[in-house]
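For reference, the chains in residue letters:
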Amino acid sequence: MAVPTTRSQTAAPAARVGLVDRFSVVLVAVAATMWASDAYFRAQLVGHLKPAQIVVIEDALVSLFLLAFLLRGIPDLRRLDRRGWVAIGLIAVGPQAVATILFTTSFSYGHYAETFVLQQTQPLIAILLAWLILGERRRPWFWPTAAVAIVGVYMVVFAQNLTAPFSDLQHGRLEAGLFALGAAALWASGTVLGRFVLGKLSFTTTTALRFTLALPVLLLIVLLQYGGSAFAHYQPSDVLPFLGIALIPGFLALLLYYRALRSTPATLATIAEMAFPVAATFIASAPPPYGFNQPLYLPQFIGTALLIAVIFILNYTKERTPPVIVQEETAA
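Quick look at the structure, then. (Residues numbered from 1 in each chain as written. Predicted model: local features only at pLDDT ≥ 70, side-chain atom pairs only at ≥ 80, totals over all residues. Heavy atoms only, no water.)

1. A few points about the environment of Ser237
Positionally, Ser237 belongs in the loop between α12 (203-226) and α13 (239-261). A C-alpha to C-alpha distance of 9.2 Å links Ser237 and Leu45, two positions 192 residues apart in sequence. (Helix = DSSP H or I, 4+ residues; strand = E, 2+ residues; numbered from the N terminus.)

Following this line, the structure appears as structure tokens:
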């Protein structure tokens, strides 16, 4: 007869406490860096496809790649109570489906300053939600450390003109800003809810559920927006970009992210995720077709160094936060 037992991850066998757990904050940042490769692949699709048409195919491919993990994780679903199902459902609908569409739509307005400056509200929202939902508390020294990280990212994104966001936001570009703010709020909730779900499910099952449950939502959105002709605009040349999006920023990055998040407090993970806009900025500096040949400036290197330093400091000090508790079935 199987009985449930509760085991702290720090008390797990040595096989579970390895390099991934030791450097989990750093690996969250690595996953966020992989998300930035999305820009290269997505740029090949936005000319003839709408945001929802891109996201639905991406999600379908990743769901296919994760099918084996989903089937293997079906017995684990018994661990989910009502709150757990609500959390995983919100992750699928919000961060996975709606947030990606909102962020892509914000970019389509061409007002990148508003998009990036409002995206930097994401860690602040995540820290608040982690306090309300998970009860995570941070020591006083965390707040100046987080401020240094935010300043560093700001220097990277707006190196050419540090006052650009404030002057641009005065021009009434409300729509682009609202879409970006909505995406930031949903992604922040995804970090916190993901941390909650990982207390009950494996990281592979959590990743698989995120994409699989989002797929019907995305299909409905596409059909409501574009009707029966929603899937008539794809081209044979779209195959490689879609595979690139699905494999690198989708399948591989999210598996790494949820594995690292399992041993990372949400308040620390959300700071590490700021590696995404930094990596996206440096990718944009690459020559075509890999980037947009944007020039690099000294403040960008200073800001990057600040963010990297903060990530390693947070990784070194993360043991001060209690670990996730995972319920496991053991034979009696």
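2. Considerations on a nonpolar patch on the surface
A contiguous nonpolar surface patch, about 500 Å² in accessible area, is contributed by Val148, Leu296, Leu298, Phe301, Ile302 and Leu306. Top contributing element to the nonpolar patch by residue count: helix α16 (residues 298-317), with 4 residues. Tracing the sequence through the fold places Leu298 in helix α16. Judged by relative accessible area, which is 61%, Leu298 ranks as exposed. (Patch = residues over 30% accessible without salt bridge, like charges linked within 9 Å, V, L, I, M, F, W, Y side chains within 5 Å. Areas by Shrake-Rupley, 256 points an atom, 1.4 Å probe, with all protein chains shown as cover. Salt bridge = Lys/Arg side-chain N within 4 Å of Asp/Glu carboxyl O. Buried < 20%, exposed > 50% of the residue type's maximum accessible area, 1.4 Å probe, protein only.)

3. Points about the packing of helix α9 (residues 142-157) against helix α15 (residues 275-284)
In contact at an axis separation of 9 Å, α9 and α15 are set at 20° when each is read in the N-to-C sense. Relative to α15, the element α9 lies roughly parallel. As α9 runs across α15, the sense of the crossing is left-handed. Residue-level inspection shows Val153, Val156 and Val157 of α9 in contact with α15, the latter providing Pro277, Val278, Thr281 and Phe282. The residue makeup of the contact of α9 with α15, split by class, is 6 nonpolar, 1 polar and no charged. (Axes fitted to C-alpha atoms, helices over the stretch in contact; angles between N-to-C directions. Parallel < 35°, antiparallel > 145°, perpendicular 65-115°, else oblique. Left-handed = near helix turned anticlockwise from the far one by under 90°. Contact = heavy atoms within 4.5 Å. Nonpolar A, V, L, I, M, F, W, Y, C, P; charged D, E, K, R; others polar.)

4. Observations concerning the pattern of salt bridges
Scanning the model with the defined rule gives 5 salt bridges in all. A salt bridge links Asp21 to Arg259; the nearest nitrogen and oxygen atoms lie 3.1 Å apart. Residue Asp21 is located in helix α1 (residues 19-22), and its partner Arg259 is located in helix α13; the two are separated by 238 residues in the primary sequence. In this pair, the class of Asp21 matches that of Arg259, namely buried. Close ionic contact of Glu136 with Arg195 constitutes a salt bridge, the shortest N to O distance being 3.9 Å. With Glu136 in the loop between α8 (122-134) and α9 and Arg195 in helix α11 (residues 174-197), this residue pair connects regions lying 59 residues apart in the sequence. Both residues of the pair, Glu136 and Arg195, count as buried. When salt bridges that share partners are traced, they join Asp38, Arg42 and Glu58 into one network.

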